[in-house]
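Geometric and topological summary
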Amino acid sequence: MFRREISLESGIAWVDTEEKEVQGRRSSDAKEEPRVVLSRNSRSCGAPGATAGDAGQRKGDFSMFRTKSALGSREKSLLSSTKENRPDLDHADGVPGSAGTDDRVNKSVPAGRYFAALRGPELDQIRDCEDILLPRGDVWPFLLRFPIGCFGMCLGLGSQAILWRALASSPAMAFLHVTPDVNLVVWFLALAVFVFVSITYILKCVFYFEAICREYYHPVRVNFFFAPWIACMFLAIGAPARLAPKQPHPAIWCTLIAPVFVLELKIYGQWLSGGQRRLCKVANPSCHLSVVGNFVGAILAAKVGWEEAGKLLWAVGLAHYLCLFVTLYQRLPTTQALPKELHPVYSMFIATPAAASIAWSAIYGKFDDVARTFYFIALFLFCSLIVRINFFRGFKFSMAWWSYTFPMTTASVAAIKYAEEVPCFFTKGLAVSLSGISSTMVFLLLWSTLLHALVWRSLFPNDVAIAIANDGNGGTRLRETEKAAAAAKRRYDLKRWA
Amino acid sequence: MFRREISLESGIAWVDTEEKEVQGRRSSDAKEEPRVVLSRNSRSCGAPGATAGDAGQRKGDFSMFRTKSALGSREKSLLSSTKENRPDLDHADGVPGSAGTDDRVNKSVPAGRYFAALRGPELDQIRDCEDILLPRGDVWPFLLRFPIGCFGMCLGLGSQAILWRALASSPAMAFLHVTPDVNLVVWFLALAVFVFVSITYILKCVFYFEAICREYYHPVRVNFFFAPWIACMFLAIGAPARLAPKQPHPAIWCTLIAPVFVLELKIYGQWLSGGQRRLCKVANPSCHLSVVGNFVGAILAAKVGWEEAGKLLWAVGLAHYLCLFVTLYQRLPTTQALPKELHPVYSMFIATPAAASIAWSAIYGKFDDVARTFYFIALFLFCSLIVRINFFRGFKFSMAWWSYTFPMTTASVAAIKYAEEVPCFFTKGLAVSLSGISSTMVFLLLWSTLLHALVWRSLFPNDVAIAIANDGNGGTRLRETEKAAAAAKRRYDLKRWA
Amino acid sequence: MFRREISLESGIAWVDTEEKEVQGRRSSDAKEEPRVVLSRNSRSCGAPGATAGDAGQRKGDFSMFRTKSALGSREKSLLSSTKENRPDLDHADGVPGSAGTDDRVNKSVPAGRYFAALRGPELDQIRDCEDILLPRGDVWPFLLRFPIGCFGMCLGLGSQAILWRALASSPAMAFLHVTPDVNLVVWFLALAVFVFVSITYILKCVFYFEAICREYYHPVRVNFFFAPWIACMFLAIGAPARLAPKQPHPAIWCTLIAPVFVLELKIYGQWLSGGQRRLCKVANPSCHLSVVGNFVGAILAAKVGWEEAGKLLWAVGLAHYLCLFVTLYQRLPTTQALPKELHPVYSMFIATPAAASIAWSAIYGKFDDVARTFYFIALFLFCSLIVRINFFRGFKFSMAWWSYTFPMTTASVAAIKYAEEVPCFFTKGLAVSLSGISSTMVFLLLWSTLLHALVWRSLFPNDVAIAIANDGNGGTRLRETEKAAAAAKRRYDLKRWA
């Protein structure tokens, strides 16, 4: 209860208290155990008492996700105490318990494991029969519940800053008389959120590096690792004219594109030549995030005056967008993370062509046939989703939703560029409508986030996706039956298509 | 015998007589039953007598495909009489017979069911072991035998009208001295056929709406629902200069493109986010029909002076053509309807790039690199098919063949446009050759259609594709074995690729 | 021992001696048999003596790959003598032995058979449990060990000639002061190698036509049949200015493009409508060879002044490159030949976009957006491979490696063209670096080839890929178990993805 209430305060102040809390919790394991055993028994399917006790034992072990180096000094004492606590378990299972726990947290969880243990379009819900490494009933430390998806908020606000800048400065939108101050306010808000989210995530990096590794190996989440850099580029592109009257320095572009490029080499390389993370398997709408970075980078490159670099990024983006677009449209039976029904994640489909359109017009200086083609593709995909708007309802809010607002905003900016090129009533109306819709969406989401954060205190639920057990090390018979069940389910899925 | 002879008369006159016939047939069920039992036994694989009797019972139930509202008044009496006729069947099978019949006709047959029950590149032949809802031996009512594919005839003739208009008006073809009258004659013929087919199909809509629903849920046939609108656009594009000297009004474009756009939102949405009708499964050459509409619409948009709308359609077409082209070229093992051997349906491959080429040159006003690229792709695909011409032989004629003529005609028109841009002996020769081939094909097909219609009286065979039993409701054991056989077959197909 | 030493001498001189040798070998079958039995037993998995004896019997039967017409006269006597030698075998196996041998060499080995029997990214290694038609222990006749992949050497050297011509003539590279003599020397070297390889392969055609058929049916090797014509086009494009001061005659282009076009109609037709050789199954990086021919042909077309023909080829290349690129990036589970790890064959990925870029700039006369887009895609793919350079180590050298050098050279030429368009320090540096790398690679490979040829005498190992047994005819139980093992392996592969 107490932790619930403090969970939304600043991460910095909190980490210090959490330190003590975890240690205090560990000392009070003895008396809390019975409750945990019960809560777990009620959720896991037929888990024998031994496993439940094991989980109870693990209850306070958030340290398994701690940065390894930080553990250095006290690891030994921890291990020995752990060992003393469960000689009977080891005896019963015939598995070396402590070694097992350590192995189960080793960082490279195979991609297939994520697909087997998790479900949902964002692979963020645990399958019913799966066991997790951390206690389900408890509230975990704040940093462990702070996912990479929070950078989506920066994407949403940063793109809004660009939109309002375009609304204020575009000749086609002059009739709206938008003041540049809106851009200024939104930009500072976006900057503040970005600084806060970045610092929190850096702290997570420092204290729970293993948890970040697990997010990185997560087939859907890995795409969100592009978000911080894209958000930063959004801030650079949407910077108010009053603050940055001159062309930005190319060094900014170099700094921001470097991590994107490195990540792309890694991710696209996995698609092409990796083992399990091949495109036909991991393709899901979130992958658009790993492509859109190229186009946003191209826009920034045009802004700093490096057109050729922008053309390079645009070409890279095009090649991989093609592959991704076709793969997603085919909906191969091998792509496991594709949602059965429509979901906000589908809005990502709009982001990439819209960004490609803006980038092309920025690099080549005119909104010509290529830019139009991409803009119209984005527009059609928008229509295609809007007519299915009913399907979008009934989903639980999550921070990842913020990432689903920037596509709309990007489409609005593209619409403004198009209205500049073809100024008429219809194009201007479209630009205004799209801008209105996207701003409304961002406002609603901001409101919803504040409600979740301050009123319902449910903004950061336990991030079960990072706590799944590594397959190869769970030696209990229970896991075997779980695996069999998951395999049967997948076989069924396959058979339905065969 | 008698019905066979009248089956090709005008649909309008016929529907009235058919009404009575069906009623008359129902009253004479008792004495006709033995013959039907025999005929079915000889075809179904080991069907027990009970099921055969059941089929005999269903023999005259063409009303199951009647528009539901029309049935309103007499439904109750029908049901009661049906019930009285087969108390023993219900007893023997342990299935509530009458309810079963009703359920089996409910309209949303799943896509997988069509793949399981039908075969052939057009999914128009019934698998040997499948049971159908209507009697195989009899000739069904004319409207039930009139498939949506008949609009292919309008496509073939409408595109010919455009070709002859281009031949008469293109400066590159001036040396042929083609008179515009040919265009006029062909156009009026196309118009007449279109009016006839449309009225007949509207009558089918009115009287047998359930049958149309089943055509709509058919994974191959659904693409032919684009044909009426495309045919109409062909008529608008190919209208003789004497009749329509001025630029057509944009309202024509709006009227014709609206249903195409709505259908596209539906079909592409199914590809992208639907359940079973995902692209990797339903992809087949007929899907080109659902893409080519965009390009034809773009041509018409250019003709009415709305270039930007044309660019929108062109972009939408391009995006989905890409997906379709790659998917078809890959020949994924999941695409079940792809013919093993070459088939006239492959000519569809030529249609889309040729139309894209014409559309680009019409919108942007010049036959530039993009238009040429698409034209040359069409040309290569044409060569690729022409060298396999032998494979095209030995297929049974069907009305769907008409749809396979318009690609050639579209390619001819593109060749004429190209000859205008690059006037030399070779390009002109190519344009004339292609025009000659396509006109010959249309003429031969017209001849063949007339022969089938007037001499052999076999133009409209029973359309078994709409009469397959809905899987989930056929509760007899017979169906189980059929399903097992089909599943085994599919498993074998899969294994061959594994 | 003796044959090892002569194996690298001129093929022409050698063929004559080999003739006698084979005949001599045949007469000495009786006394050599025991050794062979032992050697085979040690390698095959549990082969009963009968099969081993059968193989021993087949030991000298290189004639099974001889051109059928050449065998005409003595075939009968051969067959009768074979029959006499193994009446007991026929009795033991219950298979008509001689007929079996003949059938097993019949030319159309199904594609699936190659996948089942061979492994490796080039499908050039035999699976452990597979039996082959020729003796493993012996050194086969030189011509049988001379694969089509040897034309890769011509590709590598021919493209170097082009590179040095570009380095000498490009204004952007003038600061290097490269003399045209390098181009002259490299071109003559390339020409000499081409003539030698061609004559040898023509001799193989004449004497061992069946072996060539088997290479043609090999799903990876078939792509190398494009190599001779591409190499020839390279020679035409890179011809020294001193030797060919004028524009080459279009007849050269016609002569060289004709076989490429015919092969493409065949190969692409198989992708699209073939039975087992569909793209989703046979796709592997070597397929780039069957696409790059279009772009090289387009460059040559521009050189002879036939821009429109070049545009045609470019369009054809683009369409199929798209399909191939997406398919390879998806890494469908059905594509069996894709290497698990990176391999030199991946360098092919660079070839096609680089060639497309050069071709576009050659046809349309400017290095515009399209050319840049393709050039940048090639550059990114190059980066993507270079960061994984460690994976390239540890592979056994083979002649096919030569084919993996020309992509780098093509990229260098594209970089030079780009440096002409955007002359600055960075672009020139990139062009020089790429040229340096590619020349070094070719030089190292030349050195390695000479070492293998002259010192280690291991340049041409037995080409087991052509000697796999045709599945349907191996009637022994041994084969059954082998097939079961291969099937189990494939099932396992599939399950891993399911």
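Residues numbered from 1 in each chain as written. Chains lettered and ligands numbered in written order. Predicted model: local features only at pLDDT ≥ 70, side-chain atom pairs only at ≥ 80, totals over all residues. Heavy atoms only, no water.

Per an unreviewed UniProt entry, chain A is named Guard cell S-type anion channel SLAC1, and its organism is Ensete ventricosum.

1. As for the overall build of chain A
When its secondary structure is counted, chain A shows 21 helices and two strands. Out of the 498 residues belonging to chain A, those deemed buried represent 61%. Sequence separation of 24 or more characterises 80% of the internal contacts of chain A that already satisfy a separation of 6 or more. Here chain A displays about 19,000 Å² of accessible surface, and carbon together with sulfur accounts for 65% of that area. (Helix = DSSP H or I, 4+ residues; strand = E, 2+ residues; numbered from the N terminus. Buried < 20%, exposed > 50% of the residue type's maximum accessible area, 1.4 Å probe, protein only. Contact = heavy atoms within 4.5 Å. Areas by Shrake-Rupley, 256 points an atom, 1.4 Å probe, with all protein chains shown as cover.)

2. Observations regarding the packing of helix α13 (residues 250–273) of chain A against helix α15 (residues 288–304) of chain A
All names here are of chain A. Contact pair α13 / α15: the axes reach a minimum separation of 10 Å and the direction vectors enclose 155 degrees. When the axis of α13 is compared with that of α15, the two are roughly antiparallel. For the crossing formed where α13 meets α15, the hand is left-handed. Packed against α13, whose contacting residues are Pro 250, Trp 253, Leu 256, Ile 257, Glu 264, Tyr 268 and Trp 271, the element α15 presents Ser 290, Val 291, Asn 294, Gly 297, Leu 300, Ala 301 and Val 304 at the interface. Each residue belonging to the contact of α13 with α15 can be placed in one class, and the counts come to ten nonpolar, three polar and one charged. (Axes fitted to C-alpha atoms, helices over the stretch in contact; angles between N-to-C directions. Parallel < 35°, antiparallel > 145°, perpendicular 65-115°, else oblique. Left-handed = near helix turned anticlockwise from the far one by under 90°. Nonpolar A, V, L, I, M, F, W, Y, C, P; charged D, E, K, R; others polar.)

3. Topic: the packing of aromatic side chains
The description of an aromatic ring pair rests on the distance of the ring centres and on the angle between the ring planes. Residues and elements named next belong to chain A. Evaluation of the coordinates by the stated rule reveals 81 aromatic pairs over all chains. Between Phe 367 and Tyr 418, the ring centres sit 5.9 Å apart and the planes meet at 50 degrees, which makes this aromatic pair tilted. Taken together, the residues Phe 367 in the loop between α17 (348–364) and α18 (369–386) and Tyr 418 in helix α19 (residues 406–421) connect sequence positions 51 residues apart. Exposure remark for Tyr 418: the relative accessible area of 5% places this residue in the buried category. (Phe/Tyr/Trp six-rings, centres within 6.5 Å; stacked < 30°, edge-to-face > 60°.)

4. Points about unusual backbone geometry
Residue and element names in this part refer to chain A. Although it is not a glycine, His 177 sits at a positive phi angle of roughly 55 degrees. The topology assignment puts His 177 in the loop between α9 (151–169) and α10 (180–207). Judged by relative accessible area, His 177 falls into the exposed class, the value being 68%.

5. Examining the relation of the copies chain B and chain A
In this structure, two copies of a chain are linked by a rotation about an axis accompanied by a shift along it. Expressed as a screw transformation, the operator carrying chain B onto chain A has a rotation angle of 120 degrees and an axial translation of 0.0 Å, and the superposed copies differ by an RMSD of 0.0 Å. Considering both components of the superposition, the chain copies are consistent with a three-fold axis. No C-alpha of chain B approaches the rotation axis more nearly than that of Val 326 of chain B, which lies at 4.4 Å. In this assembly, only 11% of the residues forming the interface of chain B have copies in chain A that are likewise at the interface, indicating a heterologous arrangement. (Least-squares fit on C-alpha atoms with pLDDT ≥ 70 in both.)

6. Thoughts on the interface of chain B and chain A
Accessible area lost on assembly of the parts is the figure often given for the size of an interface. Facing 37 residues of chain B, the contacting portion of chain A comprises 28 residues. Both sides together, the interface formed by chain B and chain A hides about 3,000 Å², and carbon and sulfur atoms give 68% of it. Looking only at chain B, the three residues that lose the most surface to chain A are Leu 265, Leu 272 and Arg 278 of chain B, adding up to 24% of its buried area. Along the contact surface separating chain B from chain A lie one salt bridge. With its nearest N and O atoms 2.4 Å apart, the salt bridge here joins Glu 308 of chain B to Arg 372 of chain A. Connecting chain B to chain A are ten residue pairs in polar contact (both at pLDDT 80 or more). (Buried area = accessible area lost by both parts, 1.4 Å probe. Salt bridge = Lys/Arg side-chain N within 4 Å of Asp/Glu carboxyl O. Polar contact = N/O pair within 3.5 Å; in protein donor to acceptor, adjacent residues only side chain to side chain.)

7. Section: the confidence of the model for chain A
Residue and element names in this part refer to chain A. For chain A, per-residue confidence averages 75 on the pLDDT scale, and 68% of positions sit at 70 or higher. In the predicted structure, residues 70–105 sits below a pLDDT of 50 and forms 43 contacts with residues beyond four places in sequence or in another chain. In the model output, the complex is listed with pTM 0.79 alongside ipTM 0.77. (pLDDT = per-residue confidence, 0-100.)

8. As for the nonpolar core
A general feature of soluble globular proteins is that nonpolar side chains tend to end up buried together. If you look at the biggest cluster of nonpolar residues, it comprises 445 residues, and the most contacted ones within it are Trp 271 of chain A, Trp 271 of chain B together with Trp 271 of chain C. For Trp 271 of chain A, the contacting residues outside a window of four places in its chain are Arg 277, Arg 278, Leu 279, Val 282, Cys 287, Ser 290, Val 291, His 320 and Leu 324 of chain A together with Tyr 329 and Arg 331 of chain C. Core analysis: the second largest hydrophobic core is formed by six residues, Cys 280 and Leu 332 of chain A together with Cys 280 and Leu 332 of chain C among them. (Core = buried A, V, L, I, M, F, W, Y, C linked by side-chain atoms within 4.5 Å.)

9. Focus: the interface of chain C and chain A
The partner chain A presents 37 residues to the 27 residues of chain C that form the contact. Between chain C and chain A, the buried area comes to about 3,000 Å², and carbon and sulfur atoms account for 69% of it. At the boundary of chain C and chain A, one finds one salt bridge. Inspection of the region where chain C meets chain A yields nine residue pairs in polar contact (both at pLDDT 80 or more). Secondary-structure elements contributing two or more residues to the side of chain C that touches chain A are α17 (307–330) and α19 (369–386) of chain C. A per-element tally of the side of chain C that touches chain A places α19 of chain C first, with eight residues. Its residues placed into classes, the side of chain C that touches chain A shows 19 nonpolar, three polar and five charged.

10. A word on the side chain of Ser 438 of chain B
Position of Ser 438 of chain B among the secondary structure elements: in helix α21 (residues 425–455). The class for Ser 438 of chain B is buried, based on a relative accessible area of 0%.

11. Re the environment of Ala 168 of chain A
Residues and elements named next belong to chain A. Along the chain, the position of Ala 168 falls in helix α9. Judged by relative accessible area, Ala 168 falls into the partly exposed class, the value being 28%. The spatial distance from the C-alpha of Ala 168 to the C-alpha of Leu 328 is 36 Å, given a sequence separation of 160 residues. Discounting chain neighbours no more than four positions away, the residues touching Ala 168 are Val 178, Thr 179 and Pro 180.

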